[in-house]
Amino acid sequence: MTLVAGIDSSTQSCKVVICDADTGAVIRSASAPHPPGTEVHPDRWWDALGTAVTAAGGFDDVSAVSVAGQQHGMVCLDDSGRVARDALLWNDVRSALSAADLVDELGGPGAWAEAVGVVPVAAITAAKLRWLADNEPGNADATAAVCLPHDWLTWRLRGSTDIAELTTDRSDASGTGYFGAASGEYHDDLLELAFRGRRPGLPVVLGPGDRAGTTSTDVVVGAGAGDNAAAALGLHARRGDAVVSLGTSGVVCAVSDTAPCDAAGLVAGFADATGRHLPLVCTLNGAPVLASTAKMLGVDFDEFARLAISADPGAGGLTMVPWFAGERSPNLPDATGTLTGITAGNLSPATIARAAVEGLIASLVYCREKIEEQGERVERVLLTGGGAKSAAVRAIAPALFGGEVEIPADGEHVALGAARQAAWALTGELPEWDVPRETLTATATPEVYERYREIADAVAASAP
Ligand SMILES: Nc1ncnc2c1ncn2[C@@H]1O[C@H](COP(=O)(O)OP(=O)(O)O)[C@@H](O)[C@H]1O
Ligand SMILES: O=C(CO)[C@@H](O)[C@H](O)COP(=O)(O)O
């Protein structure tokens, strides 16, 4: 049996799956945690990757590997390939004002959407580079190359220390703000604008089925991808599918033949991992909303789900707008969460749990609407990410998404997408792997979403 491996180096952990290259069946898997926080030394990702690979039985019998990673994180390397400073992650919002400055300097959001399909917000790498140039000029001057988490791990797996050998792929490059998914090219002028005249080296952009190289033990290393593009690949997403991910972020994305151009800046024009496009809306508040609320209630996930399911739709009139960590969609980096509609009669652990789940899912229904406003018709919702393990999410998401969602069989879909890409790099053909799914249904509750939107819009209008 030929084995291929997929790695998902995401915000909270590193997951490894080792699969049969013909069928995609998972033969071995493991994971290891990443440190908390929004600023991390990339060596910690390498440590976690090593721990997870060892726990998964190693790569001695593996023929190919690909890495999918959290998008946008700014990894700065000096001219000898050393990390110049800790990486700023996608969810680090210190670059919010830098993003706003960049938008103004190019002539507004429409100019960015036209140029690269992405309007800078704090998450986008270009905004992080601007923050670095303005706040740590010494570190900016020391930056001879800039790359993304999956680029850096791919490079390390190949054993390289030469920054000229860095590689990336379209899906992740399209989240930088200086690569256009439509043109397939870097925009050096935008890199220079962001980094105040500096032009660090950038990774070579590989095609989705290309090889980046090999490891020292001759394991083929694929191009890799951004984690959301890898999830779409792992789920065999087709046109009409909305992939809804509840990881640290909340994400709705759709595979498309055309690049979106959203001057409002909510729908990012990313590329997918097959040569097509991946219009995507991302929130800063995914599954951790459930963890924080469960912690506040003093219950574990099972009890939290039981409580949420036990309350009626609408949570007795409670509405939660879950912008706990600030928010990206809508772009309100300094926003905070809101719980409203409280009366003496409706405040209980069950209604609070229900309001958290409904608010979280509603925030993603909003993202789906934005994707649809770009002309993508959504026929099917595929739910993935750690939060999709919640029984409450499984029960309540169909009600908010219009009556039905599909849950692919339990699995690490980002890592599976990376493994599928590894098989592609190995054989030259993208394999067809079976992805069993279950359809979940519930009575639709459009009134819950309408109420959420009324309140979320009002909160947004008064947000800092
Ligand atoms: N049963 C559950 N109920 C609610 N949340 C869960 C459950 N299981 C896992 N999670 C949450 O899923 C998140 C991890 O999901 P994951 O997709 O791996 O995130 P990331 O890719 O951002 O690292 C964590 O915030 C964790 O608390
Ligand atoms: O910033 C984005 C997408 O634009 C995030 O989706 C990151 O890619 C992190 O993903 P998770 O760790 O939440 O899966």
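Thresholds, definitions, all that
- Chains are numbered independently. Their residues run from 1 in the order of the written sequence.
- Chains carry letters and ligands carry numbers; both start at the beginning, A for chains and 1 for ligands, and go up in the order they are written.
- Local features in a predicted model are, by the rule used here, given only for residues with pLDDT of at least 70; side-chain atom pairs are given and counted only at 80 or more, and totals for whole chains, interfaces and linings are based on all residues.
- Hydrogens and water are ignored here; the side-chain numbers use all heavy atoms of the structure.
- Accessible area is worked out with a 1.4 Å probe on protein chains only. A residue is then buried under 20% of its type maximum, exposed over 50%, and partly exposed in between.
- To qualify as a helix, a DSSP run of H or I must reach at least 4 residues; to qualify as a strand, a run of E must reach at least 2; elements of each kind are numbered from the N terminus.
- Note on contacts: a residue pair is in contact if any heavy atoms of the two residues lie within 4.5 Å.
- Residues are labelled near a given molecule or strand when at least one of their non-hydrogen atoms is within 4 Å of it.
- By the criterion applied in these results, polar contacts are pairs of N or O atoms within 3.5 Å in which, for protein atoms, one can donate a hydrogen and the other can accept it, and in which residues neighboring in sequence qualify only through two side-chain atoms.
- Accessible surface area values rest on a Shrake-Rupley calculation with a 1.4 Å probe, where residue burial reflects the displayed protein chains alone.
- Any residue outside Ala, Val, Leu, Ile, Met, Phe, Trp, Tyr, Cys, Pro, Asp, Glu, Lys and Arg is labelled polar, Gly included; the first ten of those are nonpolar and the last four are charged.
- UniProt positions are given in the numbering used here, feature names are shortened, and annotations may be inferred rather than shown by experiment.
- Computed over the protein atoms alone on a 1 Å grid, cavities are sets of points where a 1.4 Å probe fits but cannot get out and pockets are open sets with protein on both sides within 12 Å along at least five of seven lines; a residue lines them when it has an atom within 4 Å of a point.
- Classification of ring pairs uses Phe, Tyr and Trp, with its six-membered ring standing for Trp, and accepts pairs whose centres are within 6.5 Å; under 30 degrees between planes counts as stacked, over 60 as edge-to-face, and the remaining range as tilted.
- Pairing between strands requires that DSSP locate at least two bridges from one strand to the other.
- Criterion for a disulfide: a pair of cysteine sulfur atoms within 2.5 Å.
- Here, the term nonpolar core denotes a set of buried Ala, Val, Leu, Ile, Met, Phe, Trp, Tyr and Cys residues that are joined through side-chain atoms within 4.5 Å.

Caption draft 1: Broad picture of helix H6 (residues 149–157). Burial runs high along H6: 8 of the 9 residues are buried. Buried residues of H6: Pro149, His150, Asp151, Trp152, Leu153, Thr154, Trp155 and Leu157, and no others. After H6 finishes, the residue Gly159 shows a positive phi value of roughly 80°.

Caption draft 2: Geometry of the environment of Val321. Here Val321 is to be found in strand S20 (residues 319–321). A relative accessible area of 0% places Val321 in the buried class. Residues within four places of Val321 in sequence aside, it is in contact with Gly337, Thr338, Tyr452, Ile455, Ala456 and Val459.

Caption draft 3: Summary view of the site of ligand 2. Around ligand 2 sit 16 residues, and of these Thr11, His72, Asp227, Ser249 and Arg328 come closest. Gln71 is positioned such that a nitrogen or oxygen atom in its backbone is 2.9 Å from an oxygen atom of ligand 2. Between His72 and ligand 2, the recorded distance is 2.6 Å, taken from a side-chain N or O atom to an oxygen atom. The protein chains hide 96% of the 370 Å² of surface that ligand 2 would expose on its own. Classifying every residue of the shell around ligand 2 by side-chain character gives 5 nonpolar, 9 polar and 2 charged.

Caption draft 4: Summary view of the site of ligand 1. Taken together, 16 residues are adjacent to ligand 1, and Ser10, Gln12, Lys15, Thr248 and Gly386 come closest. Here an oxygen atom of ligand 1 and a side-chain polar atom of Lys15 are 2.6 Å apart. Here an oxygen atom of ligand 1 and a backbone polar atom of Gly386 are 2.9 Å apart. Burial of ligand 1 by the protein chains amounts to 81% of its free accessible area of 580 Å². Looking at the shell around ligand 1, the elements that each hand over two or more residues are strand S2 (13–20) and helix H10 (288–297). Residue classes in the shell around ligand 1 are distributed as 4 nonpolar, 10 polar and 2 charged.

Caption draft 5: Structural detail: the UniProt feature "binding site: substrate" (unreviewed entry) in the protein. As annotated in UniProt, the feature "binding site: substrate" (unreviewed entry) corresponds to Gln71 and His72 in the numbering used here. Cross-referencing the annotated residues with the largest pocket identifies Gln71 and His72 as lining it. Mapped onto the fold, Gln71 is located in the loop between strand S5 (62–69) and strand S6 (75–77). When residues no more than four places from it in sequence are discounted, the contact partners of Gln71 are Trp90, Ser171, Asp172, Gly226, Asp227, Asn228, Phe270 and Leu280. Note that His72 resides in the loop between S5 and S6. Sequence-distant contacts of His72, that is, excluding residues within four places in its chain, are made with Trp90, Ala123, Ile124, Thr125, Lys128, Leu148, Asp172, Gly175, Phe270 and Arg328. Within the structure, the side chain of His72 is placed 2.8 Å from the backbone oxygen of Gly175, a separation counted as a polar contact.

Caption draft 6: Region of interest: unusual backbone geometry. Omega for the peptide link from Ser329 to Pro330 comes to 5°, which places this bond in the cis form. If you trace the backbone, Pro330 turns up in the loop between S20 and strand S21 (338–340). Despite not being glycine, Arg196 has its phi angle at roughly 50°, a positive value. Position of Arg196 relative to the elements: it lies in the loop between helix H8 (188–194) and strand S12 (204–206). Overall, Arg196 belongs to the partly exposed group, its relative accessible area being 44%.

Caption draft 7: Fine view of the packing of aromatic side chains. For the structure shown, the criterion picks out 4 aromatic pairs. Between Trp45 and Trp152, the ring centres sit 6.4 Å apart and the planes meet at 75°, which makes this aromatic pair edge-to-face. One end of the pair, Trp45, is in helix H1 (residues 42–55); the other, Trp152, is in helix H6, and 107 residues separate them in sequence. Residue Trp45 is classed as buried on the basis of its relative accessible area, which comes to 1%.

Caption draft 8: Structural view of the pairing of strand S19 (residues 277–283). Of all 7 residues making up S19, 7 are buried, and the element is well covered by its neighbours. Side chains His277, Pro279, Val281 and Thr283 project from S19 onto one buried face, and the interleaved Leu278, Leu280 and Cys282 project onto a second face that is buried too. As defined by bridge partners, strand S17 (residues 250–253) adjoins S19 across 4 bridges and the pair is classed as antiparallel. Looking across to S19, one finds that Cys253 is bridged to Leu280. Across 4 bridges, strand S18 (residues 268–271) lies against S19 in antiparallel orientation.

Caption draft 9: Geometry of the state of the cysteines. Going through the model one piece at a time under the given rule, you end up with 0 disulfides. Left without a disulfide partner, Cys253 is nearest to the cysteine sulfur of Cys282, which lies 9.8 Å away. As a non-bridged cysteine, Cys282 has Cys367 as the owner of its nearest cysteine sulfur, 7.8 Å distant. For Cys282, a relative accessible area of 5% gives the class buried.

Caption draft 10: Examining the environment of His413 more closely. Relative to the helices and strands, His413 resides in helix H14 (residues 413–427). Residue His413 is classed as buried on the basis of its relative accessible area of 7%. On a C-alpha basis, the gap between His413 and Leu426 in space is 20 Å, while along the polypeptide they are 13 residues apart. Residues in contact with His413, not counting those within four places in the same chain, are Ala230, Ala231, Gly234, Leu235, Thr384 and Pro408. Here Ala409 takes part through its backbone oxygen, which lies 3.0 Å from a polar atom of the side chain of His413.

Caption draft 11: Structural detail: the nonpolar core. By size, the foremost hydrophobic cluster in this structure holds 87 residues, and its most contacted members are Ile7, Phe59 and Leu77. Excluding residues that lie within four positions of it along the chain, Ile7 makes contacts with Cys14, Lys15, Val16, Leu49, Phe59, Val65, Ser66, Val67, Ala68, Leu157, Ala415 and Ala418. Among the nonpolar cores identified, the runner-up in size contains 56 residues, and Val289, Ala397, Leu440 and Val448 belong to it.

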